[in-house]
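Examination of the molecular architecture
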Amino acid sequence: MSCSGGDPNFCPECGNVLPLPGTSNTVRCPRCSFCIPVTEFSGLEVCSTVVFNTVEQSSVAMEDDEGSELKGPVIDRRCIRCNKEGMIYHTRQMRSADEGQTVFFTCIHCRYQEKEDS
């Protein structure tokens, strides 16, 4: 069962990203323990890029129906109501100080709200 289509950066068994070759003669997948010889990586060049969101994409200020503004950073979280990506979040300390904060999420598309207690 091959998931990756022959790309040596990914495990052909489970599709997990393989670690960079080290001093060992093999590279072992951390997920399924599949081994691949280091010689498979001979002559390959590893390139990576980091893409940052623009300020306009990373924060939103919107007015809701009552005229109050929704402000906050936008994260890549899928709304369970409209199934679209993009939610604003804010945190509040709702319980005693020795317990985690409550995170409130608001969908930027349909304004659905959900909360997550930590």
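Residues numbered from 1 in each chain as written. Predicted model: local features only at pLDDT ≥ 70, side-chain atom pairs only at ≥ 80, totals over all residues. Heavy atoms only, no water.

What follows covers the pattern of salt bridges. Counted under the stated rule, the structure contains 4 salt bridges. One salt bridge in this structure joins Arg-77 and Glu-116, with 3.3 Å as the shortest N-O distance. Here the residue Arg-77 occupies a position in strand β4 (residues 69-78), and Glu-116 occupies one in strand β7 (residues 113-117), the gap between them amounting to 39 residues. For Arg-77, a relative accessible area of 23% gives the class partly exposed. In this structure, the salt-bridge partner of Glu-99 is Arg-95, at a minimum N-O distance of 3.2 Å. Arg-95 gets classed as partly exposed once you look at its relative accessible area, which sits at 33%. Members of the salt-bridge network, linked through shared partners, are Arg-77, Glu-114 and Glu-116. (Salt bridge = Lys/Arg side-chain N within 4 Å of Asp/Glu carboxyl O. Helix = DSSP H or I, 4+ residues; strand = E, 2+ residues; numbered from the N terminus. Buried < 20%, exposed > 50% of the residue type's maximum accessible area, 1.4 Å probe, protein only.)

To continue, consider the confidence of the model for the protein chain. For the protein chain, the average pLDDT comes to 80, and 81% of its residues sit at 70 or higher. Ranking the elements of the protein chain by mean pLDDT puts strand β3 (residues 59-63) last with 60 and strand β6 (residues 102-107) first with 92. (pLDDT = per-residue confidence, 0-100.)

As a further point, take unusual backbone geometry. Leave glycine aside and you will find that most residues have negative phi; peptide bonds, for their part, are mostly trans. In this structure, Asn-83 takes a positive phi of about 65° despite not being glycine. Mapping Asn-83 onto the fold places it in the loop between β4 and β5 (85-92). Unlike most non-glycine residues, Arg-111 shows phi in positive territory, near 65°. Tracing the backbone shows Arg-111 in the loop between β6 and β7.

Below, the discussion takes up the nonpolar core. In terms of nonpolar packing, the biggest core is built from 7 residues, these being Cys-11, Cys-14, Leu-18, Val-27, Cys-29, Ile-36 and Phe-41. Leaving out residues up to four positions away in the same chain, Leu-18 has contacts with Pro-8, Asn-9, Phe-10, Cys-11, Val-27, Cys-29, Ile-36 and Phe-41. Listed in part, the 5 residues of the second largest apolar core include Cys-79, Val-103, Phe-105 and Cys-107. (Core = buried A, V, L, I, M, F, W, Y, C linked by side-chain atoms within 4.5 Å. Contact = heavy atoms within 4.5 Å.)

This paragraph deals with the state of the cysteines. Throughout the structure, instances matching the rule amount to 0 disulfides. With no disulfide of its own, Cys-11 lies 3.5 Å from the sulfur of Cys-32, the closest cysteine sulfur. Note on Cys-11: relative accessible area 0%, which makes it buried. The thiol sulfur of Cys-35 is not disulfide-bonded, and the nearest other cysteine sulfur, from Cys-32, lies at 9.0 Å. (Disulfide = S-S within 2.5 Å.)

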